[in-house]
Amino acid sequence: MAGKFNIILLVVAVLAAALQCSVAQRTHVVGDSLGWTFPPGGAVAYTTWAASQTFTVGDVLVFNFTTGSHDVAQVSRTSFDGCNTASPISLVRNGPANVTLNTTGEHYYICTFSGHCNLGMKLAINVSAAPSTSPPPQSPVPAPSPSSTTPKTYVVGDSLGWTVPPAGSIAYRTWAAGKTFMVGDILVFNFTTGAHDVAVVTSKAAYDSCNTSATGATINTGPARITLTTPGQHFYICTIPRHCSLGQKLAINVTGTAATPSPTPAPTRPPSGPASAPAPSSTGATPPSSSSTPPPSGSPSTSPSGSTTPSPSGSPGGVSAPPPPNSAPSFAVAALPFTFLSIALAFLY
(Lines give C-alpha, C1' and ligand atoms only; values in the text may rest on other atoms or scores of the structure.)
Protein backbone atom coordinates (compact mmCIF):
# COMPACT_ATOMS: atom_id res chain seq x y z
CA MET A 1 0.00 0.00 0.00
CA ALA A 2 2.88 2.35 0.83
CA GLY A 3 4.37 1.68 -2.61
CA LYS A 4 1.12 2.64 -4.32
CA PHE A 5 0.90 5.82 -2.24
CA ASN A 6 4.41 6.76 -3.34
CA ILE A 7 3.38 6.24 -6.96
CA ILE A 8 0.50 8.68 -6.43
CA LEU A 9 2.86 11.27 -4.98
CA LEU A 10 5.17 10.81 -7.98
CA VAL A 11 2.31 11.32 -10.45
CA VAL A 12 1.15 14.44 -8.59
CA ALA A 13 4.70 15.85 -8.67
CA VAL A 14 4.98 15.19 -12.42
CA LEU A 15 1.62 16.85 -12.97
CA ALA A 16 2.67 19.93 -10.97
CA ALA A 17 5.90 20.17 -12.97
CA ALA A 18 3.96 19.93 -16.24
CA LEU A 19 1.64 22.72 -15.17
CA GLN A 20 4.61 24.87 -14.12
CA CYS A 21 6.30 24.38 -17.49
CA SER A 22 3.08 25.28 -19.30
CA VAL A 23 3.51 28.90 -18.23
CA ALA A 24 5.03 30.86 -21.12
CA GLN A 25 8.58 32.02 -20.43
CA ARG A 26 9.71 35.24 -22.07
CA THR A 27 13.23 36.44 -22.85
CA HIS A 28 14.04 40.15 -22.61
CA VAL A 29 17.22 41.44 -24.29
CA VAL A 30 18.21 44.37 -22.07
CA GLY A 31 18.35 47.56 -24.13
CA ASP A 32 17.38 45.65 -27.31
CA SER A 33 19.86 46.64 -30.03
CA LEU A 34 21.77 48.93 -27.63
CA GLY A 35 22.85 46.00 -25.47
CA TRP A 36 24.48 46.39 -22.04
CA THR A 37 26.91 49.29 -22.50
CA PHE A 38 27.28 53.04 -21.97
CA PRO A 39 23.89 54.48 -23.03
CA PRO A 40 24.27 57.68 -25.11
CA GLY A 41 21.69 59.61 -23.07
CA GLY A 42 22.55 58.20 -19.65
CA ALA A 43 20.46 55.86 -17.48
CA VAL A 44 17.21 57.17 -19.03
CA ALA A 45 17.80 54.79 -21.95
CA TYR A 46 17.38 51.72 -19.73
CA THR A 47 14.57 53.36 -17.77
CA THR A 48 12.69 53.94 -21.03
CA TRP A 49 13.36 50.38 -22.19
CA ALA A 50 12.10 48.84 -18.92
CA ALA A 51 8.92 50.96 -19.02
CA SER A 52 7.89 49.24 -22.26
CA GLN A 53 8.30 45.70 -20.85
CA THR A 54 6.27 43.45 -18.55
CA PHE A 55 8.38 41.19 -16.34
CA THR A 56 7.02 38.08 -14.63
CA VAL A 57 8.56 35.31 -12.54
CA GLY A 58 10.27 32.81 -14.84
CA ASP A 59 11.29 35.38 -17.47
CA VAL A 60 14.95 35.71 -18.49
CA LEU A 61 17.01 38.89 -18.84
CA VAL A 62 19.81 38.78 -21.43
CA PHE A 63 22.64 41.28 -20.89
CA ASN A 64 24.67 41.53 -24.12
CA PHE A 65 28.22 42.73 -23.40
CA THR A 66 31.81 41.85 -24.19
CA THR A 67 33.61 39.86 -21.51
CA GLY A 68 36.29 42.01 -19.88
CA SER A 69 34.63 45.29 -20.90
CA HIS A 70 31.57 45.09 -18.64
CA ASP A 71 29.80 42.85 -16.14
CA VAL A 72 26.37 42.75 -14.50
CA ALA A 73 25.63 42.62 -10.77
CA GLN A 74 22.36 42.43 -8.89
CA VAL A 75 22.37 44.91 -6.00
CA SER A 76 20.10 46.41 -3.37
CA ARG A 77 18.10 49.60 -3.88
CA THR A 78 20.59 51.60 -1.78
CA SER A 79 23.58 50.31 -3.76
CA PHE A 80 21.73 50.99 -7.01
CA ASP A 81 21.00 54.62 -6.13
CA GLY A 82 24.56 55.26 -4.97
CA CYS A 83 26.29 53.04 -7.58
CA ASN A 84 27.91 51.12 -4.71
CA THR A 85 29.70 48.04 -6.11
CA ALA A 86 31.05 46.74 -2.79
CA SER A 87 28.56 44.01 -1.86
CA PRO A 88 26.54 42.77 -4.85
CA ILE A 89 23.88 40.11 -4.38
CA SER A 90 25.20 38.28 -7.46
CA LEU A 91 27.80 39.03 -10.12
CA VAL A 92 28.24 37.70 -13.69
CA ARG A 93 31.48 38.60 -15.47
CA ASN A 94 31.09 36.68 -18.74
CA GLY A 95 28.90 38.04 -21.51
CA PRO A 96 26.30 37.58 -22.70
CA ALA A 97 24.74 36.95 -19.27
CA ASN A 98 21.36 35.27 -18.79
CA VAL A 99 19.58 36.13 -15.53
CA THR A 100 16.37 34.28 -14.60
CA LEU A 101 13.80 36.22 -12.58
CA ASN A 102 12.89 33.88 -9.70
CA THR A 103 11.13 36.25 -7.30
CA THR A 104 8.59 39.05 -7.45
CA GLY A 105 9.29 42.66 -6.54
CA GLU A 106 11.92 45.20 -7.52
CA HIS A 107 15.23 44.04 -8.99
CA TYR A 108 18.30 46.25 -9.48
CA TYR A 109 21.32 45.68 -11.77
CA ILE A 110 24.50 47.70 -12.37
CA CYS A 111 27.92 47.34 -14.00
CA THR A 112 30.65 47.20 -11.35
CA PHE A 113 33.44 48.54 -13.57
CA SER A 114 34.76 51.84 -12.27
CA GLY A 115 32.54 54.75 -13.35
CA HIS A 116 30.25 52.65 -15.56
CA CYS A 117 27.23 52.81 -13.26
CA ASN A 118 27.56 56.59 -12.93
CA LEU A 119 27.57 56.84 -16.73
CA GLY A 120 24.17 55.13 -16.92
CA MET A 121 24.83 51.37 -16.87
CA LYS A 122 22.08 50.61 -14.35
CA LEU A 123 18.68 48.95 -14.67
CA ALA A 124 15.71 48.80 -12.29
CA ILE A 125 12.69 46.56 -13.03
CA ASN A 126 9.57 45.36 -11.22
CA VAL A 127 8.70 41.65 -11.45
CA SER A 128 5.13 40.42 -11.01
CA ALA A 129 3.80 36.93 -10.30
CA ALA A 130 3.39 34.46 -13.13
CA PRO A 131 -0.10 34.34 -14.67
CA SER A 132 -2.56 31.58 -13.84
CA THR A 133 -2.14 28.28 -15.68
CA SER A 134 -5.90 27.92 -16.30
CA PRO A 135 -6.64 28.05 -20.05
CA PRO A 136 -8.67 31.13 -20.98
CA PRO A 137 -12.15 30.55 -22.41
CA GLN A 138 -12.17 30.46 -26.15
CA SER A 139 -14.09 33.11 -28.00
CA PRO A 140 -15.16 33.14 -31.63
CA VAL A 141 -12.44 34.40 -33.92
CA PRO A 142 -13.74 37.24 -36.10
CA ALA A 143 -13.36 36.89 -39.82
CA PRO A 144 -10.40 38.83 -41.24
CA SER A 145 -11.26 42.23 -42.59
CA PRO A 146 -11.01 42.52 -46.37
CA SER A 147 -9.43 45.96 -46.01
CA SER A 148 -5.68 46.55 -46.47
CA THR A 149 -3.11 45.94 -43.71
CA THR A 150 -2.84 48.71 -41.13
CA PRO A 151 0.52 50.56 -41.46
CA LYS A 152 3.03 49.97 -38.65
CA THR A 153 5.20 52.54 -36.92
CA TYR A 154 8.83 51.62 -36.20
CA VAL A 155 11.03 53.60 -33.79
CA VAL A 156 14.49 53.30 -35.35
CA GLY A 157 16.87 51.70 -32.85
CA ASP A 158 14.08 51.39 -30.24
CA SER A 159 15.47 52.75 -26.95
CA LEU A 160 18.83 53.57 -28.58
CA GLY A 161 17.21 56.16 -30.83
CA TRP A 162 18.96 57.78 -33.80
CA THR A 163 22.48 58.52 -32.60
CA VAL A 164 26.08 57.39 -32.99
CA PRO A 165 25.82 53.76 -31.78
CA PRO A 166 28.50 52.61 -29.31
CA ALA A 167 29.23 49.40 -31.26
CA GLY A 168 29.07 50.86 -34.78
CA SER A 169 26.54 50.31 -37.56
CA ILE A 170 25.90 46.71 -36.48
CA ALA A 171 23.39 48.09 -33.97
CA TYR A 172 21.06 49.35 -36.71
CA ARG A 173 21.66 46.27 -38.90
CA THR A 174 20.63 44.08 -35.98
CA TRP A 175 17.57 46.22 -35.32
CA ALA A 176 16.37 46.04 -38.95
CA ALA A 177 17.15 42.32 -39.43
CA GLY A 178 14.12 41.02 -37.55
CA LYS A 179 11.53 43.34 -39.10
CA THR A 180 9.37 43.33 -42.22
CA PHE A 181 8.82 46.78 -43.70
CA MET A 182 5.82 47.40 -45.95
CA VAL A 183 4.77 50.30 -48.11
CA GLY A 184 2.76 52.64 -45.89
CA ASP A 185 4.77 51.92 -42.73
CA ILE A 186 6.36 54.81 -40.82
CA LEU A 187 9.94 55.19 -39.52
CA VAL A 188 10.47 57.41 -36.48
CA PHE A 189 14.01 58.76 -36.00
CA ASN A 190 14.39 60.02 -32.42
CA PHE A 191 17.20 62.57 -32.15
CA THR A 192 17.93 65.97 -30.64
CA THR A 193 17.59 68.87 -33.05
CA GLY A 194 21.03 70.32 -33.80
CA ALA A 195 22.89 67.19 -32.68
CA HIS A 196 21.85 64.94 -35.59
CA ASP A 197 19.75 64.83 -38.74
CA VAL A 198 18.45 62.14 -41.10
CA ALA A 199 18.93 62.15 -44.87
CA VAL A 200 17.64 59.83 -47.59
CA VAL A 201 20.57 58.48 -49.61
CA THR A 202 19.94 58.01 -53.32
CA SER A 203 22.15 54.94 -53.92
CA LYS A 204 23.77 52.03 -52.13
CA ALA A 205 27.22 53.17 -53.25
CA ALA A 206 26.69 56.56 -51.61
CA TYR A 207 25.38 54.79 -48.49
CA ASP A 208 28.40 52.48 -48.28
CA SER A 209 30.87 55.36 -48.69
CA CYS A 210 28.88 57.78 -46.46
CA ASN A 211 28.72 60.29 -49.34
CA THR A 212 26.68 63.16 -47.90
CA SER A 213 26.58 65.00 -51.26
CA ALA A 214 24.42 62.27 -52.82
CA THR A 215 21.46 62.66 -50.50
CA GLY A 216 17.87 63.52 -51.19
CA ALA A 217 15.56 65.01 -48.59
CA THR A 218 17.24 65.89 -45.28
CA ILE A 219 15.28 66.41 -42.03
CA ASN A 220 17.05 68.55 -39.44
CA THR A 221 14.34 68.64 -36.76
CA GLY A 222 13.84 65.67 -34.47
CA PRO A 223 12.01 63.47 -34.01
CA ALA A 224 11.59 62.83 -37.74
CA ARG A 225 8.79 60.72 -39.24
CA ILE A 226 9.31 59.21 -42.69
CA THR A 227 6.54 57.29 -44.48
CA LEU A 228 7.68 54.44 -46.75
CA THR A 229 5.92 55.12 -50.06
CA THR A 230 7.78 52.83 -52.48
CA PRO A 231 9.07 49.23 -52.38
CA GLY A 232 12.75 48.32 -52.66
CA GLN A 233 15.89 49.28 -50.76
CA HIS A 234 15.93 52.48 -48.70
CA PHE A 235 19.07 54.07 -47.21
CA TYR A 236 19.37 56.68 -44.46
CA ILE A 237 22.39 58.41 -42.87
CA CYS A 238 23.25 61.30 -40.58
CA THR A 239 25.05 64.06 -42.50
CA ILE A 240 26.81 65.52 -39.43
CA PRO A 241 30.58 65.04 -40.07
CA ARG A 242 31.87 61.53 -39.20
CA HIS A 243 28.53 60.37 -37.76
CA CYS A 244 27.79 58.08 -40.71
CA SER A 245 31.29 56.57 -40.69
CA LEU A 246 30.87 55.90 -36.95
CA GLY A 247 27.76 53.80 -37.63
CA GLN A 248 24.82 56.22 -37.78
CA LYS A 249 23.36 54.68 -40.94
CA LEU A 250 20.37 52.47 -41.72
CA ALA A 251 19.50 50.26 -44.71
CA ILE A 252 16.13 48.52 -45.02
CA ASN A 253 14.18 46.62 -47.67
CA VAL A 254 10.54 47.58 -48.23
CA THR A 255 8.06 45.10 -49.70
CA GLY A 256 4.47 45.28 -50.85
CA THR A 257 2.56 47.86 -52.80
CA ALA A 258 0.81 51.00 -51.72
CA ALA A 259 -2.39 50.34 -49.81
CA THR A 260 -5.52 51.22 -51.74
CA PRO A 261 -8.93 51.71 -50.16
CA SER A 262 -11.48 49.00 -50.80
CA PRO A 263 -13.99 50.00 -53.52
CA THR A 264 -17.35 51.02 -52.18
CA PRO A 265 -20.12 48.91 -53.71
CA ALA A 266 -22.59 50.88 -55.78
CA PRO A 267 -26.03 51.12 -54.21
CA THR A 268 -28.46 48.66 -55.72
CA ARG A 269 -31.81 49.84 -56.94
CA PRO A 270 -34.66 48.24 -54.97
CA PRO A 271 -36.76 45.83 -57.02
CA SER A 272 -39.85 47.31 -58.54
CA GLY A 273 -43.16 46.35 -57.07
CA PRO A 274 -45.30 43.54 -58.45
CA ALA A 275 -46.77 44.25 -61.86
CA SER A 276 -50.34 45.41 -61.72
CA ALA A 277 -52.93 42.92 -62.79
CA PRO A 278 -54.49 43.47 -66.21
CA ALA A 279 -57.77 45.29 -66.28
CA PRO A 280 -60.73 42.96 -66.16
CA SER A 281 -62.47 42.27 -69.44
CA SER A 282 -65.78 43.86 -70.15
CA THR A 283 -67.24 40.39 -70.48
CA GLY A 284 -66.55 39.58 -66.84
CA ALA A 285 -63.78 38.02 -64.77
CA THR A 286 -62.37 34.70 -65.85
CA PRO A 287 -62.29 32.11 -63.05
CA PRO A 288 -58.83 30.70 -62.19
CA SER A 289 -57.85 27.51 -63.91
CA SER A 290 -58.00 24.36 -61.82
CA SER A 291 -54.82 23.03 -63.45
CA SER A 292 -52.50 25.84 -62.26
CA THR A 293 -49.20 24.64 -60.78
CA PRO A 294 -48.70 25.42 -57.06
CA PRO A 295 -45.66 27.53 -56.25
CA PRO A 296 -42.55 25.64 -55.09
CA SER A 297 -41.89 25.27 -51.38
CA GLY A 298 -39.93 28.15 -49.89
CA SER A 299 -40.89 30.64 -52.65
CA PRO A 300 -43.16 33.62 -52.08
CA SER A 301 -46.84 32.96 -52.54
CA THR A 302 -49.31 35.38 -54.02
CA SER A 303 -52.49 36.19 -52.21
CA PRO A 304 -55.71 36.70 -54.14
CA SER A 305 -55.33 40.45 -53.59
CA GLY A 306 -52.00 40.45 -55.51
CA SER A 307 -49.75 41.05 -52.49
CA THR A 308 -46.71 38.84 -51.96
CA THR A 309 -46.42 36.81 -48.76
CA PRO A 310 -42.95 35.34 -48.01
CA SER A 311 -42.78 31.72 -47.02
CA PRO A 312 -41.97 31.14 -43.35
CA SER A 313 -39.71 28.18 -44.11
CA GLY A 314 -35.90 28.62 -44.09
CA SER A 315 -33.77 31.61 -43.11
CA PRO A 316 -33.50 34.83 -45.12
CA GLY A 317 -31.76 34.24 -48.42
CA GLY A 318 -31.77 30.46 -47.86
CA VAL A 319 -28.51 30.67 -45.85
CA SER A 320 -28.32 28.98 -42.46
CA ALA A 321 -26.50 30.65 -39.55
CA PRO A 322 -22.97 29.26 -39.09
CA PRO A 323 -22.53 26.77 -36.24
CA PRO A 324 -20.69 27.97 -33.12
CA PRO A 325 -16.94 27.31 -33.04
CA ASN A 326 -15.79 24.02 -31.60
CA SER A 327 -14.48 24.42 -28.07
CA ALA A 328 -13.29 20.83 -27.70
CA PRO A 329 -9.55 21.69 -27.47
CA SER A 330 -10.11 23.68 -24.26
CA PHE A 331 -11.90 20.72 -22.67
CA ALA A 332 -9.07 18.44 -23.76
CA VAL A 333 -6.50 20.65 -22.02
CA ALA A 334 -8.65 20.91 -18.90
CA ALA A 335 -9.04 17.11 -18.76
CA LEU A 336 -5.27 16.50 -18.70
CA PRO A 337 -4.95 16.55 -14.87
CA PHE A 338 -7.85 14.07 -14.53
CA THR A 339 -6.08 11.68 -16.91
CA PHE A 340 -3.00 11.66 -14.67
CA LEU A 341 -5.19 11.16 -11.61
CA SER A 342 -7.00 8.22 -13.24
CA ILE A 343 -3.66 6.52 -13.95
CA ALA A 344 -2.65 6.98 -10.31
CA LEU A 345 -5.91 5.52 -9.00
CA ALA A 346 -5.48 2.51 -11.30
CA PHE A 347 -2.37 1.53 -9.35
CA LEU A 348 -4.36 1.46 -6.11
CA TYR A 349 -7.02 -1.01 -7.26
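Scroll up a little and you will see the structure.
Read on for a plain summary of the structure. Remember, it's a predicted structure, so these values are computed and weren't measured experimentally.

## Some points on the overall build of the protein
In terms of helices and strands, the protein carries seven helices and 18 strands. Considering only intrachain contacts with a sequence separation of at least 6, the fraction spanning at least 24 residues in the protein is 71%. Element-wise, carbon and sulfur atoms account for 61% of the exposed surface of the protein, whose accessible area totals about 21,800 Å².

## Brief notes about the state of the cysteines
By definition, a disulfide links two cysteine residues through a covalent bond between their sulfur atoms. Summed over all chains, the structure comprises two disulfides. A disulfide bridge connects Cys83 with Cys117, and the sulfur atoms are separated by 2.1 Å. Handedness of the Cys83-Cys117 disulfide follows from its S-S torsion of about -70 degrees: it is left-handed. With Cys83 in the loop between α3 (77–82) and β5 (90–92) and Cys117 in the loop between β7 (105–110) and β8 (122–128), this residue pair connects regions lying 34 residues apart in the sequence. A residue is classified by how much of its surface remains accessible, and Cys83, at 16% relative accessible area, is buried. Residue classification places Cys117 among the buried residues on the basis of a relative accessible area of 4%.

## Examining the sheet that holds strand β1 (residues 27–29)
Strand order in the open sheet formed by three strands is β1-β3-β6, with mixed pairing between adjacent strands. A strand with exactly one partner marks an edge of an open sheet, and here the two such strands are β1 and β6 (97–100). In this sheet, neighbouring strand axes are inclined to one another by 25 degrees on average, regardless of whether the strands run parallel or antiparallel. Both strand β3 (residues 60–63) and β6 contribute to a ladder of four bridges, which runs antiparallel. Bridge pairing in β6 places Val60 opposite Thr100.

## What about the pairing of strand β15 (residues 232–237)?
Inspection of the sheet shows strand β12 (residues 198–201) paired to β15 by three bridges, in the antiparallel sense. Each residue of the ladder has a partner; that of Val200, found in β15, is Tyr236. Alignment of β15 against strand β16 (residues 249–255), held across six bridges, turns out to be antiparallel. Residue pairing in the sheet places Tyr236 in a bridge with Leu250 of β16.

## What to know about the sheet that holds strand β2 (residues 55–56)
Adjacent strands of a sheet form backbone hydrogen bonds with each other and so pair up, either parallel or antiparallel. Ordered by their spatial adjacency, five strands build an open sheet running β2-β8-β7-β4-β5, and the pairing between neighbours is mixed. Two strands in the sheet have a free side with no partner beyond their single neighbour: β2 and β5. Two strands pair when backbone bridges link them, and β7 and β8 are joined in this way by six bridges, in the antiparallel orientation. Bridge pairing in β8 links His107 to Ile125.

## Quick word on the side chain of Asp71
Secondary-structure assignment places Asp71 in the loop between β3 and β4 (72–75). Nearest to the buried, unbridged Asp71 among oppositely charged side chains is Arg93, at 5.1 Å. Polar contacts involving the side chain of Asp71 include one to the side chain of Thr112, which spans 2.4 Å. Apart from residues lying up to four places away in sequence, Asp71 is in contact with Trp36, Phe65, Leu91, Val92, Arg93, Ile110, Cys111, Thr112 and Phe113.

## So, the packing of aromatic side chains
On inspection of all chains with the given rule, the structure shows eleven aromatic pairs. Consider the rings of Phe189 and Tyr236, whose centres lie 5.5 Å apart with planes at 55 degrees: the pair is tilted. Of this pair, Phe189 sits in strand β11 (residues 186–189) while Tyr236 sits in strand β15; the two residues are 47 residues apart in sequence, bridging distant segments of the chain. The burial state of Phe189 is the same as that of Tyr236; both residues are buried. Residues Tyr207 and Phe235 carry aromatic rings whose centres are separated by 5.1 Å and whose planes lie at 40 degrees to one another, so their mutual orientation is tilted. Here Tyr207, found in helix α5 (residues 204–208), pairs with Phe235, found in strand β15; they are 28 residues apart in sequence, far enough to count as distant. Looking at Tyr207, the relative accessible area reads 9%, which means it is buried.

What counts and how
- Residues numbered from 1 in each chain as written.
- Predicted model: local features only at pLDDT ≥ 70, side-chain atom pairs only at ≥ 80, totals over all residues.
- Heavy atoms only, no water.
- Helix = DSSP H or I, 4+ residues; strand = E, 2+ residues; numbered from the N terminus.
- Contact = heavy atoms within 4.5 Å.
- Areas by Shrake-Rupley, 256 points an atom, 1.4 Å probe, with all protein chains shown as cover.
- Disulfide = S-S within 2.5 Å.
- Buried < 20%, exposed > 50% of the residue type's maximum accessible area, 1.4 Å probe, protein only.
- Pairing = 2+ DSSP bridges.
- Axes fitted to C-alpha atoms, helices over the stretch in contact; angles between N-to-C directions.
- Lys, Arg positive; Asp, Glu negative; His and termini not counted.
- Salt bridge = Lys/Arg side-chain N within 4 Å of Asp/Glu carboxyl O.
- Polar contact = N/O pair within 3.5 Å; in protein donor to acceptor, adjacent residues only side chain to side chain.
- Phe/Tyr/Trp six-rings, centres within 6.5 Å; stacked < 30°, edge-to-face > 60°.

Functional significance is not addressed by these values, which are geometric in nature.
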